[in-house]
Amino acid sequence: MSAVAPASATAASATAASATAASATAASATAVAATAVAAPLPVLGRDVTVPLVTGGEVTYAALDYAASAPALQRVWDDVAAYAPYYGSVHRGAGYLSQLSTDLFENARETVAGFLGCRDDDQVVFTRSTTDSLNLLAAVLPAGSRVFVFETEHHASLLPWREADVTYLDAPRTPAQAVETLERALAAREPYGPTLVCVTGASNVTGELWPVRELAAAAHAHGARIVLDAAQLAPHHPVSVTDLDVDWVAFSGHKLYAPFGSGVLAGRADWLREAEPYLAGGGASRRVGRRADGGVDVEWHDSAARHEAGSPNVIGAHAVASACKALTETGFDTLVAREEHLIRTVREGLADVPEVRILSLFGDDAPRVGVLSFVVDGWNSSHFAAALSAEYGIGVRDGLFCAHPLLRTLLGSDPQAQGECGAPEAAPGEKSLNAVRVSFGAGTPDEHVERFVNAVRDLVSDGARWSYRTVDGRCVPDTAPGTATAPDAGA
């Protein structure tokens, strides 16, 4: 095990890195303000219109990218072009099977390049980030320890049920995140196999985490690290090599590809040494009967070991297409446009004192296009329902599959549930929830401008329609009426 870097030194590095990132973000914002911002990338659904309860229709403003981004038009076109040539992969002798096999394996190479993988890394296609992290949990060596911050999405927080898990408190600065991890790792020495799991960008606050510094801290203590890049990869370049992480996981449906595909990429040894995630065809190299009536199996030691069954070739092709599209557009261009949108939202909401944007690291922390907030006097479900029904704006409300983080950000004191909506509270506590707005490469300026104006209108004038709760969701009443005044403090 290598020498442990002093906590103060690594924390100072994290502080400097955070300051550098903030300065770079500010400098980039200045540059963007002085030049024209690139147009949004074409995505499916950009011309879809939806009805308003107040009458008429409006172009739908999809501002829930953090849940699922719309597919890029290019990705959809690539999928449609391949669809007539669809065939089973790896074992088919026919032309379409051979073509599909090449397409599938070329997609693996494209993803490896997109992620800056090392030569001996494996790229395993999965269903999603959740599936990827459950796969990694399944291949952990016996006796493994896992360290994970309470701030993680449930996909990163929950899969480690067979390991000895240490949950770390939410840090309030990037430097504190590194210090917290170092203290926890030092307190648990000596180690067996150890894994740290961390997000690259929060699905709640959008804030960027000090991944490189956390990786250095993990490796200094003999641990490995997996990066949940579900929210980071669609917005910023992610390089396994540059960040020095051991694995990275992400989902196609957040990367402008259709649902049903994901990736786990990284070191091959734990993947090769474990039993297959799923047992079946494709994972097995050779199967034979024994004299005693049993079965002997020789498993593949390639990525196929954990890809049993007929793979999602179209999903892999779609992910690869999205990787190519983002790379060719250039992340400098994508980041500049997104910073312009973030600035529009933040400056617009700053004029509404009733709105409080949630943050761990402070208002100036670098972030991707994800912001969560609460509004004084409003239940978040009611507010989100009014944005949809009266303005054609789709956002998300609730706890965003990150319940411990939201309860930390919102406070654990009981709160009034409000007159409409909100998930059921746990026994003994009232509900806590927030509104999340998120956007990306396909978001036009008009959508975020409409959102800001709608927030101002709702806060100043209230809803124009009455709402009620149905199955835990706030929905417009079937007939117009005087808008129910939201309970203060809800």
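Residues numbered from 1 in each chain as written. Predicted model: local features only at pLDDT ≥ 70, side-chain atom pairs only at ≥ 80, totals over all residues. Heavy atoms only, no water.

1. Focus on the packing of helix α2 (residues 73–82) against helix α10 (residues 313–329)
Remark: α2 packs on α10, axes separated minimally by 9 Å, with the N-to-C direction vectors making an angle of 140°. Taken together, the axes of α2 and α10 are oblique relative to one another. Viewed along their axes, α2 and α10 form a crossing whose handedness is right-handed. Of α10, the residues touching α2 (which contributes Arg-74, Val-75, Asp-78, Val-79 and Tyr-82) are Val-313, Ile-314, His-317, Ala-318, Ser-321, Ala-322, Lys-324, Ala-325 and Glu-328. Residue classes in the contact of α2 with α10 are distributed as 8 nonpolar, 2 polar and 4 charged. (Axes fitted to C-alpha atoms, helices over the stretch in contact; angles between N-to-C directions. Helix = DSSP H or I, 4+ residues; strand = E, 2+ residues; numbered from the N terminus. Parallel < 35°, antiparallel > 145°, perpendicular 65-115°, else oblique. Left-handed = near helix turned anticlockwise from the far one by under 90°. Contact = heavy atoms within 4.5 Å. Nonpolar A, V, L, I, M, F, W, Y, C, P; charged D, E, K, R; others polar.)

2. A closer look at a nonpolar patch on the surface
A grouping of Tyr-85, Tyr-95 and Leu-96 is seen on the molecular surface, where their side chains present a nonpolar patch of about 330 Å² in accessible area. With respect to the secondary-structure elements, Tyr-85 resides in the loop between α2 and α3 (95–114). (Patch = residues over 30% accessible without salt bridge, like charges linked within 9 Å, V, L, I, M, F, W, Y side chains within 5 Å. Areas by Shrake-Rupley, 256 points an atom, 1.4 Å probe, with all protein chains shown as cover. Salt bridge = Lys/Arg side-chain N within 4 Å of Asp/Glu carboxyl O.)

3. With respect to the packing of aromatic side chains
One pair of aromatic rings is described through two measures. These are the centre distance and the angle between the planes. Evaluation of the coordinates by the stated rule reveals 9 aromatic pairs. The interplanar angle of 70° and the centroid separation of 6.1 Å between the aromatic rings of Tyr-65 and Tyr-256 together place this pair among those described as edge-to-face. Of this pair, Tyr-65 sits in the loop between β3 (61–62) and α2 while Tyr-256 sits in the loop between β9 (247–251) and β10 (262–266), and the two are 191 residues apart along the sequence. Judged by its relative accessible area of 1%, Tyr-256 falls in the buried class. Where Trp-378 meets Phe-383, the ring centres are 5.0 Å apart and the plane angle is 90°; that geometry is what we call edge-to-face. Here the aromatic cluster, defined as three or more aromatic residues joined through ring pairs, consists of Phe-373, Trp-378, Phe-383 and Phe-451. Against the face of Tyr-391 rests Arg-464, its NZ or CZ located 5.1 Å from the ring centre. (Phe/Tyr/Trp six-rings, centres within 6.5 Å; stacked < 30°, edge-to-face > 60°. Buried < 20%, exposed > 50% of the residue type's maximum accessible area, 1.4 Å probe, protein only. Lys NZ or Arg CZ within 6 Å of the ring centre and 35° of its normal.)

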